[in-house]
Amino acid sequence: MSLSEDSIDPTATTQQDGQSGFEETEPANSSMAEFYRLYQELLIITLALTGMIFVSVWIGYSLNIALNYLLGAIAGVLYLKMLSRDVERLGREKQSLSKTRLALLVILILLASRLNQLQILPIFLGFLTYKATLIIYVIKTAFVSD
């Protein structure tokens, strides 16, 4: 029996490949839509939390410390935005996440250590505001069912 005598049915394979390709595209689109919703929710929670903490620090301490906190919180929001861009590109353009985002915090802390008007602790705590957002989101999703 030779290879030329065997019959090949390409339609079954083509239909299976076509169906699986379509099925992979649909969840990827819904996953990206879910990712964008998650990012928007985290950004809104972070901004609301930043506003509440800024006002509280301003009332409890001073405007200078509150502005230092706000500078760190803005850096945290930028970090979150850079992280979301990296995650968005993951798989399409990149194979791993870059670590250059941490340079933002390092530069900010170095700048704070050189200038007398800036204080390191409020800036660092402001930067960590996005972490508090993540904790709030995890607690919310743990107790609220869909």
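Residues numbered from 1 in each chain as written. Predicted model: local features only at pLDDT ≥ 70, side-chain atom pairs only at ≥ 80, totals over all residues. Heavy atoms only, no water.

## Some remarks on the nonpolar core
Inclusion rule: In this text, buried Ala, Val, Leu, Ile, Met, Phe, Trp, Tyr and Cys residues form a nonpolar core when linked through side-chain atoms within 4.5 Å. Working definition: with a 1.4 Å probe on protein chains only, accessible area under 20% of the residue-type maximum means buried, over 50% means exposed, and in between means partly exposed. A run of DSSP states H or I qualifies as a helix once it reaches four residues; a run of E qualifies as a strand once it reaches two. Both are numbered from the N-terminal end.
By size, the foremost hydrophobic cluster in this structure holds 14 residues, and its most contacted members are L80, I123, F127 and Y130. Only α1 (10-60), α2 (63-89), α3 (102-114) and α4 (120-127) provide two or more residues apiece to this core. Among the elements that make up this core, the one with the highest residue count is α2 (four residues). In this structure, F54, V57, A66 and A73 belong to the second largest nonpolar core, which totals five residues.

## Quick notes on the confidence of the model for the chain
The cut-off we apply is this: You can read pLDDT as the predictor saying how much it trusts each residue, on a scale of 0 to 100. Note on definitions: a residue-residue contact is assigned when non-hydrogen atoms from the two residues lie within 4.5 Å.
Predicted confidence across the chain gives a mean pLDDT of 82, with 79% of residues reaching 70 or more. Confidence, expressed as mean pLDDT per element, reaches its minimum in the chain at α1 with 76 and its maximum at α4 with 95. Within the model, the stretch residues 10-25 combines pLDDT values under 50 with zero contacts to residues more than four positions away or in other chains.

## Observations concerning a nonpolar patch on the surface
Basically, it comes down to this: Patch criteria: residues need more than 30% relative accessible area and no salt bridge. Like-charged residues are merged within 9 Å; nonpolar side chains of Val, Leu, Ile, Met, Phe, Trp and Tyr are merged within 5 Å. The Shrake-Rupley method, run with a 1.4 Å probe, gives the accessible areas here. Residue values count only the displayed protein chains as cover. Whenever a carboxyl oxygen of Asp or Glu lies within 4 Å of a side-chain nitrogen of Lys or Arg, that contact is scored as a salt bridge.
A contiguous nonpolar surface patch, about 360 Å² in accessible area, is contributed by I120, L121, F124 and L125. Structurally, L125 can be placed in helix α4. For L125, a relative accessible area of 46% translates into the label partly exposed.

## Quick look at the packing of α2 against α3
Selection rule: Here an axis means a line fitted to C-alpha atoms, over the contact stretch when the element is a helix, while the angle between two N-to-C directions is reported on a 0 to 180 degree scale. Throughout, the term roughly parallel applies to angles under 35 degrees, roughly antiparallel to angles over 145, roughly perpendicular to angles from 65 to 115, and oblique to all others. Note: crossing handedness is left-handed where the near helix turns anticlockwise from the far helix by less than a right angle, and right-handed where it turns clockwise. For this classification, the nonpolar set comprises Ala, Val, Leu, Ile, Met, Phe, Trp, Tyr, Cys and Pro, the charged set comprises Asp, Glu, Lys and Arg, and every other residue, Gly included, is treated as polar.
Between α2 and α3, the shortest axis-to-axis distance is 9 Å and the interhelical angle comes to 165°. Taken together, the axis directions place α2 and α3 in an arrangement best described as roughly antiparallel. In terms of crossing hand, the pair formed by α2 and α3 is right-handed. Residues L71, G72, A75, L78, Y79 and M82 of α2 touch α3, and the partners they reach there are L102, L104 and L108. Its residues assigned to classes, the contact of α2 with α3 shows eight nonpolar, one polar and no charged.

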